[in-house]
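Chain by chain, the residues run as shown.
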Amino acid sequence: MENKGMQQLSRAISLRIALPALLTILLFIVSIFLVILPSLEKNFMAGKREMIKELVETTWNVLATYHSREQEGILTREEAQLQAIDIIRHFRYGNNAMNYFWINDLDHRLVVHPYRSDMEGDDSTSFKDPTGKRIFIEFVQIAQQQGAGYVEYMWQWLDEPEKISPKLSYVKLFEPWGWVLGTGVYLEEVQAQVAKIRKRLTAVSTLFLVAAILLALYSIRHTILADRVRVRIWEERRRLIKDIEKSKERYRSLVETTSDWIWEISHTGYFTYSSPNVRNILGYKAEKILGKTLTDLCIPQEKQHIETTFQELLVKEKPFYGFEVPCLTEEGKKVVIEFNAIPICDISDQEGFTVFRGVARDVTERKAVMQQLKNSTERLRSSLEETVKSLASAAEKRDPYTAGHQLRVDELACAIARELKLSDERLEGLHFAAILHDIGKISVPAEYLAKPTALSDQERAVIKCHPEVGYKILKNIQFPWPVAQIVYQHHELLDGSGYPRGLKDGEILLEAKILTVADVVEAISSHRPYRPSLGIEKALDEIRAGRGLKYHTASVDACIRLITQNIVELSSQTW
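Definitions and limits used
Residues numbered from 1 in each chain as written. Predicted model: local features only at pLDDT ≥ 70, side-chain atom pairs only at ≥ 80, totals over all residues. Heavy atoms only, no water. Helix = DSSP H or I, 4+ residues; strand = E, 2+ residues; numbered from the N terminus. Buried < 20%, exposed > 50% of the residue type's maximum accessible area, 1.4 Å probe, protein only. Contact = heavy atoms within 4.5 Å. Areas by Shrake-Rupley, 256 points an atom, 1.4 Å probe, with all protein chains shown as cover. 1 Å grid on protein atoms, 1.4 Å probe; cavity = no way out; pocket = protein on both sides within 12 Å on 5 of 7 lines; lining within 4 Å. Points joined across faces, edges and corners; volume = space filled by probe spheres on them. Pairing = 2+ DSSP bridges. Axes fitted to C-alpha atoms, helices over the stretch in contact; angles between N-to-C directions. Phe/Tyr/Trp six-rings, centres within 6.5 Å; stacked < 30°, edge-to-face > 60°. Salt bridge = Lys/Arg side-chain N within 4 Å of Asp/Glu carboxyl O. Parallel < 35°, antiparallel > 145°, perpendicular 65-115°, else oblique. Left-handed = near helix turned anticlockwise from the far one by under 90°. Nonpolar A, V, L, I, M, F, W, Y, C, P; charged D, E, K, R; others polar. Expected span 1.5 Å × (residues − 1).

*Asks:* For this particular structure, what's the right way to read the overall build of the protein?
*Replies:* Helix and strand counts for the protein stand at 18 helices and ten strands. Counting all 575 residues of the protein, 40% fall into the buried class. Relative to all contacts within the protein whose residues are 6 or more apart in sequence, the contacts with residues 24 or more apart total 54%. Looking at the protein as shown, the accessible area adds up to about 32600 Å², and 55% of this sits on carbon and sulfur atoms.

In C-alpha cells, the structure reads:
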C-alpha cells in the first residue's frame, strides 16, 4: 500500500510540474510564429523601405551639390550633370556591393543606369515589366505628384538581364534638372533573410521544447527525492533551533562580559538596551540607562550641540564612528565617551523602524595623551621654524644687500605652490627649503657678495658653489622633507644649463622648479650691490622667455597670474 501511494504521489507531482512547463513552451512557440515572426517581417520590411529612402535622400544631395556649383557659375549645366552622372553611375552598396542607383528624366528617358547602359537616352514610355506595368511612367507620375515615393514592380536581378525578380524602389524628383533619382531592394532578398530567421526560430523553439521536457523530468525526479528528504530537514530544524538558543546564550554572555559598553538606541533617540559594563564607564546600573537620551548623559554646556549633532546622525540612518561625547558619570566626574554604531531594521516591530546598535568606550585618557602629543608636535615644529630662520639669518648677515631675500622668495614660492595645489606636507617642506636656499653663501667671501662691480669668472665660480655647500650643510639634518635636495637643485634649469650639476627637467624636484622661478623673479626685481632693481616687468619678461625651456611652465604661469592680479604684491616699495 505504501509503494502504491508513493506511485500515485509521483504521478500527481509529475503532472503538476510537467503540464505547466509544456503548456508554457507551446504558448511560447505559438506566439513566435503567430505574433513575433509576422511583426518581425513587417518591421524588417519597414527597415528596408526606410533604408532605400535614406539612400536616395543622401544621393539626391549629390545632385543638389552639383546644381549649386552650376548656380555659382563654377560649372555649366552640362558639366555639372556629367560629373554628377559619373559619380552616381559608380555608387554601390549592399553586402555584395552590387546595389545601384539610376536616373530617368520626366520624358521617361534613362539618364544613367549602371547595368542597362543600352537603354540610356532611349524613350522608355512603352517599357513594361512582365506584369504589364509601365514602370517609367509610374516613376515620373509619383515624382511629379508626390515629389517622392515607393514603386513595386518586376526588374532584372542586378546585372543579370535574364533573371527577373520583384523589386521595391524609392524615387525622388530633382526638379531643377527634371530628373527622377531612384534605388530599390529585391523582395526575394528580404524574403530569404526572413526565411533564415524563421528557420533559426524553429530550431531554437525545438531546443526549448526538448530542454523543457528534460527540465520537467529532472524536476519530477528531484521533487520526489525532496519529499523523502523533508522529514530529515524537520529533524535538522529542531536541532538548529536548539543550537540557536545556545548561540543566543553565548552572545548574551559575551555582551555582558566585554569591557566595552554595548547599547541600543531607538529611532527617537532613547536607550532601549544597555550592557552591564556601563557601570564601569559611567557608574550607572544598566536599567537606569534605559529611557534616557544621550543628552541626559553629557555635560550641561554641550547638551545643545550634542543634541543637534546626534539627531542629524539618527536622521541619516547611516553608520557612524568616532562620535565623541563629553559625559558626566553618576558621581559627577567628566569623561569622554566614543560612540560607534550601525543602523539596524528591527523586524520584531510591525512598522520595521530603524534602531542603532553600537559600542562605546571611555577615551578620556587617550584624548589627554593625544593632546599632549599635539602640544609636543607644535612645540617641535615651532622650534624647527626658529632654528631654520636662525640659520637663514646667519647667511644674510654676511650679505646685507640681500637681507630679506630668502623670506621674500619663501613668500612667493609658497604662493606659487598653493596655486599648483601642492599638499600641505609638500608646501611645508618647500617653505623650509626656501628660507634656507642660500645658506651655502655662508662660505662665500663677504667681499664677493658686496662687490659693487661685475664679478670675475673666478669669483662667479666661487659663488656658484653655494647650492652644493648648502646641500652639505643640510644633508645630515633629519628633515621629513627633501630640503637638502631642493636647496641643491634651486639653480638647475630644465634644459640642463643650470648649476651646479647641469640637471634636466625629469631629474629636478618640482619644489626646486618652483623655487627657481621665485628666486629669479625676486633677484631681478630687487636691488643688488652692482646694479639697481630692474623692476617687476623685467623679471616677468625673463620667466616668460624661458617658460617651458628653462623654467617650469605651470610655475611660470602661476607666478605671472599671482603678480598681475595683485594676489602677491612685489612692487619695489614693498621689496
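*Asks:* Looking at this model, I keep getting lost on empty space enclosed by the protein. Mind explaining?
*Replies:* Where empty space is left in the structure can be found by rolling a water-sized probe over the atoms. Within the structure shown, the criterion is met by three cavities of 30 Å³ or more. The computed volume of the second largest cavity comes to approximately 50 Å³. Listing elements by their share of the lining of the second largest cavity, those giving two or more residues are α3 (135-146) and β3 (148-157). Of the residues forming the lining of the second largest cavity, the biggest block, three residues, is contributed by α3.

*Asks:* What should I look at first to understand the sheet that holds strand β7 (residues 271-274) in this one?
*Replies:* The strands that make up a sheet pair up through hydrogen bonds in the backbone, lying either parallel or antiparallel. Pairing is antiparallel across the open sheet formed by five strands, whose spatial order is β7-β6-β10-β9-β8. At either margin of the open sheet sits one strand with a lone partner, and together these are β7 and β8 (320-328). When the angles between neighbouring strand axes are averaged without regard to direction, this sheet yields 30°. Each of β6 (261-265), β8 and β10 (354-362) touches helix α8 (residues 303-316); the most contacted strand, β8, lies at about 150° to it.

*Asks:* How do you make sense of the packing of aromatic side chains when you look at a structure like this?
*Replies:* The description of two aromatic rings rests on the distance between their centres and on the angle between their planes. All chains considered together, the criterion is met by 25 aromatic pairs. Both rings, one in Phe139 and one in Tyr153, keep their centres 5.4 Å apart while their planes meet at 75°; by these two values the pair is edge-to-face. Note that Phe139 is positioned in helix α3 and Tyr153 in strand β3, a separation of 14 residues in sequence. In this structure Phe139 comes out as buried when scored by relative accessible area, which is 2%. With a centroid separation of 4.4 Å and an interplanar angle of 15°, the aromatic rings of Tyr471 and Tyr488 are classed as stacked. With a gap of 17 residues between them, Tyr471 in helix α14 (residues 466-474) and Tyr488 in helix α15 (residues 483-489) connect regions that are remote in the sequence. With a relative accessible area of 10%, Tyr488 lands in the buried category.

*Asks:* Any chance you could explain unusual backbone geometry here in plain terms?
*Replies:* Leaving glycine out, the prevailing phi sign among residues is negative, and the prevailing peptide bond configuration is trans. The omega torsion across Tyr499 and Pro500 is 10°, close enough to zero to call that bond cis. Tracing the sequence through the fold places Pro500 in the loop between α15 and α16 (510-525). Backbone geometry places His108, a non-glycine residue, at a positive phi of 65°. With respect to the secondary-structure elements, His108 resides in the loop between β1 (102-105) and β2 (110-112). Since its relative accessible area comes to 16%, His108 is described here as buried. Even without being a glycine, Asn566 presents a positive backbone phi close to 60°. Structurally, the position occupied by Asn566 is in the segment after α18 (553-564). On the accessibility criterion, Asn566 (56% relative accessible area) is exposed.

*Asks:* Sorry if this is basic, but what is going on with the pattern of salt bridges here?
*Replies:* Pairing is possible between side chains of opposite charge, provided their charged atoms come close. What the rule picks out here adds up to 20 salt bridges. Salt-bridge contacts for Arg89 lead to Glu120; the nearest nitrogen and oxygen are separated by 2.9 Å. A residue pair is termed long-range when its members are at least 10 positions apart, and Arg89 in helix α2 (residues 77-89) and Glu120 in the loop between β2 and α3 qualify at 31 residues. Two residues, Glu468 and Lys472, come together in a salt bridge whose shortest N-O distance is 3.7 Å. Separated by four residues within a single helix, Glu468 and Lys472 lie in helix α14, roughly one turn from each other. Here the salt bridges do not stand alone but share partners, grouping Asp260, Glu324, Glu338, Arg361 and Arg366 into one network.

*Asks:* How do you make sense of the packing of helix α17 (residues 536-545) against α18 when you look at a structure like this?
*Replies:* A packed helix pair is summarised by two numbers, namely the angle formed by the two axes and the spacing between the axes. It is at 10 Å that the axes of α17 and α18 come closest, and there the two elements cross at 160°. Considering the angle they form, α17 stands roughly antiparallel to α18. Helix-helix and strand crossings are classified by hand; for α17 and α18 the assignment is left-handed. Residues Ile536, Leu540, Ile543 and Arg544 of α17 form the contact with α18, whose own contacting residues are Val556, Cys559, Ile560, Ile563 and Thr564. Of the residues contributing to the contact of α17 with α18, the split by class is seven nonpolar, one polar and one charged.

*Asks:* When you look at α16 in this model, what are you seeing that I'm missing?
*Replies:* Given 3.6 residues per helical turn, the α-helix brings residues three or four places apart onto the same face. With 16 residues, α16 should cover 22 Å at 1.5 Å per step; its first-to-last C-alpha distance of 23 Å lies within 8% of that length. Most of α16 is tucked away: 14 of the 16 residues are buried.

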